[in-house]
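# Observations on the three-dimensional arrangement
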Amino acid sequence: MTATSEMLSEIREVNLSYLLLAQRLLREDKPMGMFRMGISDQLADVLSNLSLAQTVKLAASNQVLCRFRFDDHAILSSLAEKGKQGVVAQAHSAILMASQPTEQIG
């Protein structure tokens, strides 16, 4: 297996894992799942209503479907900071992430 095909296979695995986790979060507690993923109600509905076949087909994309949310230096620094206690760092990060806009279907 070439490096490129191995990388594409890993992207597909990440996509499938992400989609299945997203669906589980949304089905168990939609508002909390939306908050944890930073997505809109509309996008949450689309994700949670995908059939298994649609989920697998979408996961087969050669593009990474999830987005790295920590594009804000303050959030990433807060999570990585060793001086803060774990609970305080998590609370601080949650507050910062809650202030970010949700992802919309574009």
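On the surface, Leu-16, Leu-20, Leu-52 and Val-56 cluster together into a nonpolar patch covering about 340 Å² of accessible area. Contributing elements (two or more residues each) for the nonpolar patch: helix H1 (3-28) and helix H4 (52-59). Assignment of secondary structure puts Leu-20 in helix H1.

What follows is about the packing of H1 against helix H2 (residues 30-37). One way to put it is that H1 packs onto H2 with a least axis distance of 5 Å and a crossing angle of 140°. Between H1 and H2, the angle is such that the two are oblique. Our pair here, H1 against H2, has a crossing hand that is right-handed. Seen from H1, the contacting residues are Tyr-18, Ala-22, Leu-25, Leu-26 and Glu-28; seen from H2, they are Lys-30, Gly-33, Met-34, Arg-36 and Met-37. Grouping the constituent residues of the contact of H1 with H2 by class yields 6 nonpolar, 1 polar and 3 charged.

All right, on to the pattern of salt bridges then. For the structure shown, the criterion picks out 3 salt bridges. Residue Lys-30 pairs with Asp-45 through a salt bridge whose shortest N-O separation is 2.5 Å. One end of the pair, Lys-30, is in helix H2; the other, Asp-45, is in helix H3 (residues 41-48), and 15 residues separate them in sequence. Of the residues examined, Lys-30 reaches a relative accessible area of 27% and is grouped as partly exposed.

Cut-offs applied
- Residues numbered from 1 in each chain as written.
- Predicted model: local features only at pLDDT ≥ 70, side-chain atom pairs only at ≥ 80, totals over all residues.
- Heavy atoms only, no water.
- Patch = residues over 30% accessible without salt bridge, like charges linked within 9 Å, V, L, I, M, F, W, Y side chains within 5 Å.
- Areas by Shrake-Rupley, 256 points an atom, 1.4 Å probe, with all protein chains shown as cover.
- Salt bridge = Lys/Arg side-chain N within 4 Å of Asp/Glu carboxyl O.
- Helix = DSSP H or I, 4+ residues; strand = E, 2+ residues; numbered from the N terminus.
- Axes fitted to C-alpha atoms, helices over the stretch in contact; angles between N-to-C directions.
- Parallel < 35°, antiparallel > 145°, perpendicular 65-115°, else oblique.
- Left-handed = near helix turned anticlockwise from the far one by under 90°.
- Contact = heavy atoms within 4.5 Å.
- Nonpolar A, V, L, I, M, F, W, Y, C, P; charged D, E, K, R; others polar.
- Buried < 20%, exposed > 50% of the residue type's maximum accessible area, 1.4 Å probe, protein only.

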